[in-house]
Amino acid sequence: MFKRIRGLFSNDLSIDLGTANTLIYARGKGIVLNEPSVVAIRQERGPGGAKNIAAVGKGAKSMLGRTPGNIQAIRPLKDGVIADFTVTEKMLQHFIRKAHEARFLRPSPRVLVCVPCGSTQVERRAIRESAAGAGAREVYLIEEPMAAAIGAGMPVSEASGSMVLDIGGGTTEVAVISLNGIVYSESVRIGGDRFDEAIINYIRRNYGTLIGEATAERIKHEVGSAYPGNEVKEIEVRGRNLAEGIPRSFVLNSNEILESLQEPLAGIVSAVKTALEQTPPELGADVAERGMVLTGGSALLRDIDRLLMEETGIPVIIAEDPLTCVARGGGRALEMVDEKGVDVFATE
Amino acid sequence: MSTTPRDGGPVIDPEDPTGPGAQLREARHRANLSIEEVATQLRLDRRTVRALEENEFQYLPAPTFIRGYIRSYARLLGLPPGPILEAYDYQGFTPPAIMADITQRPQARFSDFPVLLATYVVAAGLVAMVVMWWHSRESVPEAPAEVELVADLPQEAAATPPGATSESASLDEQQPPEPAPPAEELVAVEVGDAQSETGIALGAPMVNAAPESLVRQLQTPSESASSDSGSAVAPAREPAADAPANAATNRTVTVREALITAMETPPPPPGRLVIRFSDESWVEVFDADGIRREFRLATPGSRTSVSGTPPFNVLLGFAEGALVTFDGRDYDITRFIRGDTARFLIGPDGLAKARPPKPPPEPDQSSAIAGSEPSPLPPEAAAAQPSASTNTPASN
């Protein structure tokens, strides 16, 4: 009862609880929060001491790989699902409160959380519980590709196939949607994290040098590409030389990074090809005519649309603001439910 | 040709009459590309490319796709996509509405405003009804109950006095044996309750002499029974034989009559102390004159009633197990409890703290053995005590 009253003073929130970033879209306000899904936990005095949250989000991300013994910067989500339940709950609690700043009452919003379509029942349950534990009045779940398609502005309600490829931090979801429902969906556990990992491995193999995750991410953002382009970019990075044991600086170019990313990119391409194979022919024809839409943070990888276009032969479009597509789509789904009674939610 | 505004096309930006299509077409010409080449590069239909260049967006899919095509096209031609997209946006296309399927009709949900409102109205109505019912229940009962009782009284009261006197008297005489205590107790309780509830309402007109005497009768046997039980037991044994049958048949009648009698009864004479025991205890009661009125062991379920000049100085051996009633009113004595015992003064003014009575109590007349009393004599006179104690029984 009291939650309901508090709910009158709370906005509906749509949360894209991603492996890399958590985005919150508040109804009527737009994206109100975009922070890395990282939590830094401080262990107080000795191994048996109490644990408390040192930082969440950006502050915690800057600590990744740079923490002393008593602080642990962790990413509570792995491959799009919860790996550490309590920490995820704390993080969500923090984010919901932050998104609802300067309120007298403790917020108790209706919350829509996006889940990977390949997630198991247990994983969905964990996400639901953790959102409820973070103070949500009601929790809805929506499958990520559905939210991504809505957020990208695709005509999901029409009787025609729309193909969406959402490349997130932990997972890549490919789905064909028609009439507010998912006709085919596939989730592969390849995403931005795997790109970083591939870059780290490549540099260790070829340069005998160890770099951290943050550096790998920076390399990916600056010179990473998915298809050979006309210009070659270079970047100077520093890492610990394994043979000498001291930090060394060296220069990388975009072709090397392209080479290093081949394996994860091949995984994504094969997932898309499988999806096209499995799609019913009518919907496949629609997709071939209009093309597929790319969303998710990794859609910002240079020329990834080009790669997919070459590989599949169908038009590929990068959605506008691909990073926030899922969160925005979730917000629109919530509105739709209230306005038109459309049910696009995932069952548990 | 490309710069002339087109007829039949959608509304074209008045500031930029060429629209996004013309810009693309110009750039394509500059790059020396044919529509076919562009279509192959972008994996699009030639039709789609041509529609883009001619601003015929109504033949193209949703704006999301169009924006995507424009962006890809612009990138292919080495143009910044921003201005072309702006030109496209200027035409005011909105993203597709998301519609429910035909089969899906909006289902009433709890969060819908009318449903929510109706729920709260119903809930508020229920609460209001409960409150009203509660309120009426609190204010009404006294009046109807009185009326009922008063209405009952005349015919019952007219019939009762002779019969009731004999019956309840016989019932009271059975007090030492089994069946009597409940009935007797009931009368005592009812006297207390009825007095508080109906005493004022019934008032003087309803009271007549007969019930008063009846109450006296009710009270006196019990007193005599409790105070000098030795003498009371003998006469009580005789009616005890036929009492159970009598009591069983007349139980309801007797209880009812006792109730009526109790209601007609005026407040009991002042200075009547009743102590009921639910546990084993002992009790000592002095009245205001310093006379010991009661001093005995009490068994669970028994009761002691003391008359005399109030206030009474009471000492209870196990105060937890005793319920003290004075003039029909119950008193809470918990604040006087020290350990197990409690000593207090009780009178018409209520409870008060008490000290052990100052004047050493005189040997009680009712007590059989005077020798057990503490001697008031000085130690040197103790030798003379035996002769004194032998004298007392003799005089008794």
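Structure first, text after, so check above.
Here's a quick rundown of the structure. (Residues numbered from 1 in each chain as written. Chains lettered and ligands numbered in written order. Predicted model: local features only at pLDDT ≥ 70, side-chain atom pairs only at ≥ 80, totals over all residues. Heavy atoms only, no water.)

1. A closer look at the overall build of chain B
What counts, and what does not: Runs of H or I in DSSP of at least four residues are treated as helices and runs of E of at least two as strands, each being numbered from the N terminus. Should any heavy atoms of two residues lie within 4.5 Å, those residues are counted as being in contact. Every accessible area reported is derived by Shrake-Rupley at a probe size of 1.4 Å, with residue values counting cover from the shown protein chains alone.
In terms of regular secondary structure, chain B is built from twelve helices and ten strands. Considering only contacts within chain B whose residues lie at least 6 apart along the sequence, 61% involve residues at least 24 apart. Total accessible area on chain B stands at roughly 23,000 Å², and carbon and sulfur atoms take up 59% of it.

2. Details of the nonpolar core
Where we set the bar: The nonpolar core is taken to be a set of buried Ala, Val, Leu, Ile, Met, Phe, Trp, Tyr and Cys residues, with the residues joined through side-chain atoms within 4.5 Å. Buried residues are those whose accessible area, probed at 1.4 Å on protein chains only, stays under 20% of the maximum for their type, while exposed residues exceed 50% and partly exposed ones sit between those limits.
Of all hydrophobic cores here, the largest spans 49 residues; its most connected members are Leu112(A), Ile142(A), Val344(A), Phe345(A), Leu52(B) and Tyr73(B). Ignoring anything within four residues of it in the chain, the contact list for Val344(A) reads Ile142(A), Met146(A), Ile150(A), Asn180(A), Ala333(A) and Met336(A).

3. A short note on the pattern of salt bridges
Residue and element names in this part refer to chain A. Put simply, the test is: Salt bridge criterion: a side-chain nitrogen from Lys or Arg within 4 Å of a carboxyl oxygen from Asp or Glu.
Counted according to the given criterion, the structure contains 24 salt bridges over all chains. Among the ionic pairs, Arg189 bridges to Glu123, the shortest N-O distance being 3.8 Å. Within this pair, whereas Arg189 is found in the loop between β13 (181-188) and α6 (192-207), its partner Glu123 is found in helix α4 (residues 121-133), the two being separated by 66 residues in sequence. Arg189 sits in the partly exposed class, given a relative accessible area of 36%. The network of salt bridges with common partners includes Asp12, Arg27 and Arg110.

4. Some remarks on the sheet that holds strand β14 (residues 209-210) of chain A
All names here are of chain A. Just so we agree on the cut-off: By the convention used here, strands pair only if DSSP detects at least 2 bridges between them. Angles run from 0 to 180 degrees between N-to-C directions of axes, and those axes are lines fitted to C-alpha atoms, restricted for helices to the stretch in contact.
The antiparallel open sheet is built from three strands, whose spatial order is β14-β15-β16. Of all the strands in the sheet, the pair left with one neighbour each is β14 and β16 (247-253). α6 rests against β14, β15 (234-241) and β16 of the sheet, and its axis sits at about 110 degrees to β16. Packing of helix α7 (residues 213-223) onto the sheet brings it into contact with β15 and β16, and relative to β15 it is tilted by some 165 degrees.

5. Comments concerning the packing of helix α1 (residues 19-30) of chain B against helix α5 (residues 81-89) of chain B
All names here are of chain B. As a reminder, the rule being used: Between 65 and 115 degrees an angle is taken as roughly perpendicular, under 35 as roughly parallel, over 145 as roughly antiparallel, and anywhere else as oblique. Each residue is assigned to one class: nonpolar for Ala, Val, Leu, Ile, Met, Phe, Trp, Tyr, Cys and Pro, charged for Asp, Glu, Lys and Arg, and polar for all the others, Gly among them.
Between α1 and α5, the least distance of the axes is 7 Å, while the angle of their chain directions is 150 degrees. Taken together, the axes of α1 and α5 lie roughly antiparallel to each other. Here Gly19, Pro20, Gln23 and Leu24 of α1 come into contact with α5, specifically with Ile84, Ala87 and Tyr88. Grouping the amino acids of the contact of α1 with α5 by side-chain chemistry returns five nonpolar, two polar and no charged.

6. Quick look at the packing of aromatic side chains
To describe a pair of aromatic rings, one takes the distance between the centres and the angle between the planes. Note the following rule: A pair of Phe, Tyr and Trp rings is counted when the ring centres sit within 6.5 Å of each other, with Trp represented by its six-membered ring. The angle between the planes then sorts it: under 30 degrees is stacked, over 60 is edge-to-face, the rest tilted.
Per the stated rule, a full pass over the model turns up four aromatic pairs over all chains. An angle of 25 degrees between the planes, with centres 4.9 Å apart, marks the rings of Tyr207(A) and Phe250(A) as stacked. Taken as a pair, Tyr207(A) in helix α6 and Phe250(A) in strand β16 lie far apart in primary sequence, 43 residues in all. According to the relative accessible area criterion, Phe250(A) is buried, its value standing at 10%. Aromatic side chains Phe312(B) and Phe326(B) sit 6.1 Å apart centroid to centroid with 65 degrees between the ring planes, which places their arrangement in the edge-to-face category. Taken together, the positions of Phe312(B) in strand β5 (residues 312-316) and Phe326(B) in strand β6 (residues 322-326) put the pair 14 residues apart, joining distant regions of the chain. The pair formed by Phe312(B) and Phe326(B) is uniform in burial state, with each residue classed as buried.

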